[in-house]
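Breakdown of the fold
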Amino acid sequence: MEYRINRRTGDRISVLGFGTSYIANAQEKEAVATIQRAYEGGVNYYDLATAQAKTFSYFGKALGSVRDRVLYQIHFGANYLTGTYGWTTDAQTIRRSIDWQLKALKTDYMDYGFIHCLDEFSDWQEYKQSGAYALLLNMKEQGIVRHIGLSSHTPATIQRVLDDVPVDMLMFSVNPGYDYQKGEYAKGSVDERSAVYRRCEAEGIGISVMKPFAGGQLLDASLSPFGQALTQYQCMQYALDRPGVLTVLPGMSSVAQAEYLLKFFEISDAEKDYSLLGAFSPADAVGHCVYCNHCKPCPAGIEIGLVNKYYDLARNADAMAVEHYRALTLHAEDCIQCGHCNQRCPFRVDQMARMREIARYFC
Ligand code: SF4
Ligand code: SF4
């Protein structure tokens, strides 16, 4: 397992997290064994926006005894009092649902309390007016909520909420389909989506990734907007290469699925390579480096993906990215202009020109 640090909270978070969208389909015994298998594999981050109320007791049984070693993100606005998921902004209902969820989880606190699923700006206004946000703050003051998160599919709404209130973690729908303007939740332009990633990285807001496979569509050639299936590993690597992303939360509902996903840490880089997407870049993404490293190896030894990522972040006033860039062993000025990367890049990036531009920027 690999871990990344949330710079705002100091939490050490496994890059493979646990999504709960499908676990209600499993029988209890299998569900509990799946959660335990993921935990044994090093997964320590669990999202609890699940489909059915019964899921919470599965986690209580599987992880109750190791509660202090795992992190839960729980959603203020996901109501389970009826037995199945429902969206609400009613503060009293949220309070009762949260109390019930914590009891079923065998805990008395949550690591991240999320402002839940705001896709329109009007949702945020309603959330504040209803007292739901005040409830979240109040429970943070009481120590029941350690940190505050936000879940949303919509870049414009995310930016407005982040302008309004401090948030330590963002749950965002990230996959190549949505980033390439394809699919139900492909909200925001390429630039608007990139701006969310860059802002989160600059401000230390961690991103936990929902819908990394676009609800499974990307895994099936007959459903994929690219007409070609991607693997779960390719989608995970794609998400983990976006700035700000700390963890990907695929839904797991069987021990076999958990084991398959854990193999991500054993397979070769070639099996995670998602450069086939270069053939599908929308017009406004052509020529933009996506940090995939398909152009490796660079004969000069430059980490091309990292150099490009730090440059893009630095131009977004990210002081830490400047430090990271300067700490690299090799820099853009070490480029010998051999042209290997230009020939290899499926995203049609003129990387030779980029290296000259980056060297000028940091000189
Ligand atoms: S230059 Fe192209 S191949 Fe290399 S990291 Fe960037 S997008 Fe990937
Ligand atoms: S052109 Fe520069 S960055 Fe690209 S492969 Fe050659 S030395 Fe490396």
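Definitions and cut-offs
Residues numbered from 1 in each chain as written. Chains lettered and ligands numbered in written order. Predicted model: local features only at pLDDT ≥ 70, side-chain atom pairs only at ≥ 80, totals over all residues. Heavy atoms only, no water. Near = heavy atom within 4 Å. Helix = DSSP H or I, 4+ residues; strand = E, 2+ residues; numbered from the N terminus. Domains from an automatic or database assignment. Contact = heavy atoms within 4.5 Å. Buried area = accessible area lost by both parts, 1.4 Å probe. Salt bridge = Lys/Arg side-chain N within 4 Å of Asp/Glu carboxyl O. Polar contact = N/O pair within 3.5 Å; in protein donor to acceptor, adjacent residues only side chain to side chain. Axes fitted to C-alpha atoms, helices over the stretch in contact; angles between N-to-C directions. Parallel < 35°, antiparallel > 145°, perpendicular 65-115°, else oblique. Left-handed = near helix turned anticlockwise from the far one by under 90°. Nonpolar A, V, L, I, M, F, W, Y, C, P; charged D, E, K, R; others polar.

Some remarks on the site of ligand 2
Residues in contact with ligand 2 amount to 13 residues; listed here are only the nearest, Cys 298, Cys 335, Cys 338, Gly 339 and Cys 341. Listing elements by their share of the shell around ligand 2, those giving two or more residues are α14 (340-344) and α15 (351-362).

Some details on the domain arrangement of the protein chain
For the protein chain, the assigned domains read domain 1 (3-276) and domain 2 (287-362). For domain 1 and domain 2, the distance between their C-alpha centroids amounts to 30 Å. Every contact between the two is made by 14 residues of domain 1 and, on the other side, 13 residues of domain 2. With both sides pooled, the region where domain 1 packs onto domain 2 buries about 1200 Å², and carbon together with sulfur makes up 57% of that total. The interface formed by domain 1 and domain 2 contains 0 salt bridges. Here domain 1 is connected to domain 2 by 6 residue pairs in polar contact (both at pLDDT 80 or more).

So, the packing of helix α12 (residues 304-314) against helix α13 (residues 319-327)
Interaxial distance between α12 and α13 falls to 8 Å at its minimum, and their mutual angle equals 150°. If you check the angle between α12 and α13, you find them roughly antiparallel. Helix-helix and strand crossings are classified by hand; for α12 and α13 the assignment is left-handed. On α13, the residues that touch Val 307, Tyr 310, Leu 313 and Ala 314 of α12 are Ala 321, Val 322, His 324 and Tyr 325. Across the contact of α12 with α13, the residue classes tally to 7 nonpolar, 1 polar and no charged.

Examining the site of ligand 1
Surrounding ligand 1, one finds Cys 289, Val 290, Tyr 291, Cys 292, Asn 293, His 294, Cys 295, Cys 345, Pro 346, Phe 347 and Gln 351. Among the residues forming the shell around ligand 1, the class breakdown is 8 nonpolar, 3 polar and no charged.

Points about unusual backbone geometry
Negative phi is the rule for most residues except glycine; trans is the rule for most peptide bonds. The residue after Lys 296, namely Pro 297, is reached through a cis peptide bond having omega 0°. As for its position among the elements, Pro 297 is in the loop between α11 (269-272) and α12. The backbone phi angle of Asn 293 is positive, close to 70°, even though this residue is not glycine. The backbone of Gln 337 sits at a positive phi, close to 55°, despite the residue not being glycine.

Some words on the environment of Arg 193
Looking at the element boundaries, Arg 193 is found in helix α8 (residues 190-203). Each C-alpha atom of the pair Arg 193 and Val 174 lies 9.1 Å from the other, and the pair is 19 residues apart in sequence. With residues up to four places along the chain from it excluded, the contact list for Arg 193 reads His 153, Pro 155, Phe 172, Ser 173, Val 174, Tyr 178, Asp 179, Gln 181, Tyr 185, Ala 186, Lys 187 and Gly 188.

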